[in-house]
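Spelled out, the chains give:
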Amino acid sequence: EESIISVGDASFIAEKCINTENLDMSLNLFNDINRMLQVIHLMPKLKSVHLKGNVITSKEVSEVEEPHASLERIYLAGIGLSWGEFCKLAEHIPNIREVYISGSTLNIGNTPAHILQQLTVLDVQHSDIANWNSLNDISELPNLNTLILSNNTISRIQISPGKFSKLETLSLDNNNISEWSSVAQLRNLTLLKTLRIRLNPLITGPGLDMRLLVVAMLPAVKKLNGTPISANERLQADIFYLKHFATDYYKDEPDFHILHYRYKDLVKEYGEPDTGMPKIASIKDQSIVVKIAKPDGKEFEKKLLKTTLLKNLHLIVQRQCKILPKNQKLYWIDSSNEKILLDDPTRDLAYFNISHDCTVYVET
């Protein structure tokens, strides 16, 4: 924020900044993209540059004489470049790995095949992107790992198998996605592990839990909306999914298995759903209520599954009692008045024969 508009003494900058790796030129008065590039080229070891907030009026990027080999990260938020203009800029920075170009009307389209080959992170939120198909070119980028599309107007997702083959993290917060068929399309992102999809008008109804439905539809995702998905939550999601759509399953309509592509696999695992839902009920019966007695004698109750790992119970006790797991001694007393020490955090509650209405005692 120094109101800089031009390079000044280039030789002085080149001499003094020969080893500079990080440069912040945000919120200055550069209006010519080539002047910005001139500064970048004066610093051969530069790895990261912030250019956000400069209002660029002269956007015709000059031809590349010698590309900048070391630049890996560039912030271009709010400078008004189109996607085509950015692609010309990318010719100068062939090894760029992270691009943050939010706040422009990008209209992502044709992307020359030889640029952005090292790109791993692309942030294009707040960029008026409405059509998923406009992302076809970047879906071929060989190293794209993280794509941030939040705060756009995407309403429908259509992903062909093999596209975005390296994508592990996707953010779709605050778009216009309203159909669950679009969520089902995300299964084609075979490496997807982290997903954000809050603030979308996804259709819900009585008894429909959005988070559980997403968890059930996307079994490979490990973190949803910033929160890790536990084994217990995934089990609950599968049970919910089977029960909620059992009636539709028996209608045997052609489109059912397109949208609910996992349903057959879940039936194989848990059994055919029916009026009584016997197989699902037997799993749900693993739910138990455990009383936990604090060191001060006060008790609280927690609904758990028998498959809950002891290490997760330690975390619950930590939250309630403010005692670190390494300082906790947990045990319960069986019907013969024998103290059963809970001493293996990798085991589940069933291993220790903890059943409904048991009391677990906490000592330090």
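Our structure's up above, just so we're on the same page.
Residues numbered from 1 in each chain as written. Predicted model: local features only at pLDDT ≥ 70, side-chain atom pairs only at ≥ 80, totals over all residues. Heavy atoms only, no water.

Some points on helix α5 (residues 210-217)
Of all eight residues in α5, six are buried, a share of seventy percent or more. For α5, the set of buried residues is Leu 212, Leu 213, Val 214, Val 215, Ala 216 and Met 217. Between a side-chain oxygen at the N-terminus of α5 and the backbone nitrogen of Arg 211 the separation is 3.1 Å; the capping residue is Asp 209. (Buried < 20%, exposed > 50% of the residue type's maximum accessible area, 1.4 Å probe, protein only. Helix = DSSP H or I, 4+ residues; strand = E, 2+ residues; numbered from the N terminus. Polar contact = N/O pair within 3.5 Å; in protein donor to acceptor, adjacent residues only side chain to side chain.)

As for the pairing of strand β13 (residues 329-333)
As judged from the four bridges shared by β13 and strand β15 (residues 359-363), these two strands associate in the antiparallel manner. Paired with Lys 329 across the strands is Glu 363, a residue of β15. Sheet analysis places β13 next to strand β14 (residues 339-342), joined by four bridges and oriented antiparallel. Residue pairing in the sheet places Leu 330 in a bridge with Leu 342 of β14. Joining the antiparallel neighbours β13 and β14 is a turn of five residues, in which Asn 337 adopts a positive phi near 65°. (Pairing = 2+ DSSP bridges.)

Concerning the sheet that holds strand β5 (residues 121-123)
The strand order across the open sheet built from 10 strands is β1-β2-β3-β4-β5-β6-β7-β8-β9-β10, with neighbouring strands paired in mixed fashion. Each edge of the open sheet is held by one strand with a lone partner, namely β1 (22-24) and β10 (227-228). As defined by bridge partners, strand β6 (residues 146-148) adjoins strand β7 (residues 169-171) across three bridges and the pair is classed as parallel. Each residue of the ladder has a partner; that of Leu 147, found in β7, is Leu 170.

Some words on the pattern of salt bridges
If charged atoms from side chains of opposite charge come close, those side chains can pair. In this structure the tally under the stated criterion is nine salt bridges. A salt bridge links Arg 73 to Glu 98, with the shortest nitrogen-to-oxygen separation between them at 3.1 Å. Taken together, the residues Arg 73 in strand β3 (residues 73-75) and Glu 98 in strand β4 (residues 98-100) connect sequence positions 25 residues apart. We classify Arg 73 as partly exposed; its relative accessible area is 25%. Note that Arg 196 is salt-bridged to Asp 173, the shortest N-O span being 2.9 Å. One end of the pair, Arg 196, is in strand β8 (residues 194-196); the other, Asp 173, is in the loop between β7 and α4 (180-185), and 23 residues separate them in sequence. By relative accessible area, which is 10% here, Asp 173 ends up buried. (Salt bridge = Lys/Arg side-chain N within 4 Å of Asp/Glu carboxyl O.)

Considerations on the sheet that holds β14
If you trace the five strands from one edge of the open sheet to the other, you get β12-β11-β15-β13-β14, paired in mixed fashion. Single-partner strands in this sheet number two, and they are β12 (299-305) and β14. Averaged over neighbouring strand pairs, the angle between their axes works out to 35° when direction is ignored. Of the strands in this sheet, β11 (287-293), β12, β13, β14 and β15 are in contact with helix α11 (residues 310-321), which crosses β12 at around 150°. (Axes fitted to C-alpha atoms, helices over the stretch in contact; angles between N-to-C directions. Contact = heavy atoms within 4.5 Å.)

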